[in-house]
Amino acid sequence: MRSLFFVIFIFFGLCIMPLKADSGETEATKVVYVLPIFSNINNTSWIFMQRAFEEATLLDAEVIILHLNTYGGEVIFADSMRTRVLNSDIPVHVFIDNNAASAGALISIACKNIYMRPGANIGAATVVNQTGEEMPDKYQSYMRSTIRSTAEAHGKDTIVVKGDTIFKWKRDPKIAEAMVDERVVIPGLIDSAHVLTFTALEAIEHGFCEGLANNISEVITHLGIENPKIVTFKSTAFDSIKGFLTSPIFRGILILLIVGGIYFELQTPGVGFPLLAATIAAVLYFAPLYIDGIAENWEIALFLIGIVLIILEIFVFPGFGITGVLGIIFVIIGLTLSLIENVAFDFSGVDPSSFLSAMLTVICGIGGAAGVTILLSRQVLTQKSGIFSKVALHTTQEIDEGFVGVDASLSHLVGQQAVTATILRPAGKIVIDDELYDAKAVESFIEKGENVKVTSFTSGQLYVRKNF
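**Observations regarding the environment of V231**
Move 1: Examined against the element boundaries, V231 turns out to sit in strand 10 (residues 229–232).
Move 2: Sequence separation of V231 and A56 is 175 residues, and the distance between their C-alpha atoms is 8.7 Å.
Move 3: For V231, the contacting residues outside a window of four places in its chain are V31, V32, Y33, V34 and L59.

So this is what it looks like as structure tokens:
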């Protein structure tokens, strides 16, 4: 009987040993996912973070560590990144390798734990423009609220002192706000003359850093993860190209090319370079957004319908009526909605600030296109030397050289006053002594009902200029 029990004991022992070995192997394969951020916070950084978090989820990572060294960047993308960190199912920690200024401070405060290299800094989150000048208070107010709520998201610690229960913020929102606004006064820490920036030791003292570390390995030791498998995010050329193509500045340029290209194509015969430029710009605008699932089919269709309506307004319907207005509205809506992450017609999950940013990008692009087209139109019509002289015809065609003249019966109208019967874009109709004539504006567009003067009659075409 004893021999039987001994055999059974040995059998179960052999079965359990591999299980223990497997258990040890499982612990050894805990994944620590590292996302390096060593540049200004921008659209590319946001794209990197989205893909990195997706990869970390697929790998079932134990933690994500942001390896951060930045002087700041664009607030809109910093806000998106800090929101992604706060809402992550995987705990996110940050290792500040020298600097976490401005947007970097906001992202760091969102992380569960902050570790800093000795000599590193965190803070100075005042909103500034491209030249480094402080933005108006409404921008600072939004940033103050954002950084406070980020600190508040970590909650409070419960401390019992001599029988009294004290609730203490893990990260004090007032201290976080002092990183934005120099008017915030915290006795013994900061007066009203400076924006707050912490050294590593100061950050530890005031609850904005959990410890010092010289590298990622020391951060992992602090987190208590043994024998991890470290996976570091590797960006691809496509990520960088996509980041460039989807940046707000480049999107504005693409909108300018789309609108300007279509305008100049409508002013010239045949199909030429302006239409090609507009088509390429439209593809570059919509393609990255469509691949990411942000731009939907109906949004692109809305943009195309708008273009068709504008063309119909120019060539089919006289004046400027409902067709042209609807066309402009459809184009703006199509371009704007393609930039926000709505699902079909559901906009409940869309951040209002994202919508306003998208609308601002589109309006600025269209406004810039209008200004550039007016400027180039004047240059093409008036410049007789330089770059624009190559695309404008300024030479004369003499009869003795074989050119045939056109009917000059309207030349007597030069110098006469007229009233526009339709809007001139730049061509349209004018009225002289109750007679209707075709005419073309010398400069820009002229609205219907404006007083104009016939300035010239060239190649069978009347040219007019608005009376000032």
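Past the structure itself, the notes keep going.
**Quick word on the sheet that holds strand 12 (residues 427–432)**
Move 1: The sheet built from 5 strands closes into a barrel, its strands ordered 11-12-13-15-14 with mixed pairing. Going from strand to strand, the sheet's axes swing by 55° on average, the running direction of each strand aside.
Move 2: Direction of pairing for strand 11 (residues 417–420) relative to strand 14 (residues 451–458): antiparallel, over a ladder of 3 bridges. Note that in strand 14 the partner of V419 across the bridge is N451.

**Some thoughts on the pairing of strand 3 (residues 92–101)**
Move 1: In terms of burial, strand 3 is a largely internal element, 9 of the 10 residues being buried.
Move 2: Strand direction decides the pairing type here: strand 2 (residues 63–70) and strand 3, joined by 6 bridges, are parallel. Across the sheet, residue H67 finds its bridge partner in strand 3, namely F95.
Move 3: You can see the chain leave strand 2, run along helix 3 (residues 75–86) and come back into strand 3, and the turn it takes is right-handed.
Move 4: One ladder, built from 4 bridges, connects strand 3 with strand 4 (residues 113–116); its direction is parallel. The residue of strand 4 that forms the bridge with I96 is M116.

**Side note on the confidence of the model for the protein chain**
Move 1: Chain-level statistics for the protein chain give a pLDDT mean of 81 and a share of 81% at 70 or above.
Move 2: This model gives residues 4–27 a pLDDT under 50, and the stretch forms 2 contacts once residues within four places in sequence are excluded.

**A look at the pattern of salt bridges**
Move 1: According to the stated counting rule, one finds 12 salt bridges in the structure shown.
Move 2: Linking E177 and R148 is a salt bridge whose minimum nitrogen-to-oxygen distance equals 3.4 Å. Of this pair, E177 sits in helix 6 (residues 173–178) while R148 sits in helix 5 (residues 137–152), and the two are 29 residues apart along the sequence.
Move 3: By relative accessible area, which is 27% here, R148 ends up partly exposed.

**What about the packing of helix 2 (residues 43–58) against helix 3?**
Move 1: Between helix 2 and helix 3, the shortest axis-to-axis distance is 9 Å and the interhelical angle comes to 15°. Considering the angle they form, helix 2 stands roughly parallel to helix 3. Considering the relative orientation of helix 2 and helix 3, their crossing is left-handed. Taking contact as the criterion, the partners of N43, S45, W46, M49 and F53 in helix 2 are, on helix 3, F77, S80, M81, R84 and V85.

**Re a nonpolar patch on the surface**
Move 1: Together, I322, V325, L326, I329 and I333 make up an exposed nonpolar region whose accessible area comes to about 390 Å².
Move 2: Of note, I322 is situated in helix 13 (residues 322–337).
Move 3: Assessed through its relative accessible area of 60%, I322 is described here as exposed.

**Points about the packing of aromatic side chains**
Move 1: Under the definition given, this model contains 4 aromatic pairs.
Move 2: Arranged with centres 5.5 Å apart and planes meeting at 50°, the rings of F48 and F233 form a pair that is tilted. Remark: F233 occurs in the loop between strand 10 and helix 9 (237–245) and F48 occurs in helix 2; sequence separation between them is 185 residues.
Move 3: Relative to F286, the ring of Y285 has its centre 4.9 Å away and its plane inclined at 80°; by these criteria the two rings are edge-to-face. When sorted by exposure, Y285 lands in the same class as F286, which is buried.
Move 4: Counting every residue linked through ring pairs, the aromatic cluster contains Y285, F286 and F303.

What counts and how
- Residues numbered from 1 in each chain as written.
- Predicted model: local features only at pLDDT ≥ 70, side-chain atom pairs only at ≥ 80, totals over all residues.
- Heavy atoms only, no water.
- Helix = DSSP H or I, 4+ residues; strand = E, 2+ residues; numbered from the N terminus.
- Contact = heavy atoms within 4.5 Å.
- Pairing = 2+ DSSP bridges.
- Axes fitted to C-alpha atoms, helices over the stretch in contact; angles between N-to-C directions.
- Buried < 20%, exposed > 50% of the residue type's maximum accessible area, 1.4 Å probe, protein only.
- Right-handed = clockwise from strand over helix to strand, strands pointing away.
- pLDDT = per-residue confidence, 0-100.
- Salt bridge = Lys/Arg side-chain N within 4 Å of Asp/Glu carboxyl O.
- Parallel < 35°, antiparallel > 145°, perpendicular 65-115°, else oblique.
- Left-handed = near helix turned anticlockwise from the far one by under 90°.
- Patch = residues over 30% accessible without salt bridge, like charges linked within 9 Å, V, L, I, M, F, W, Y side chains within 5 Å.
- Areas by Shrake-Rupley, 256 points an atom, 1.4 Å probe, with all protein chains shown as cover.
- Phe/Tyr/Trp six-rings, centres within 6.5 Å; stacked < 30°, edge-to-face > 60°.

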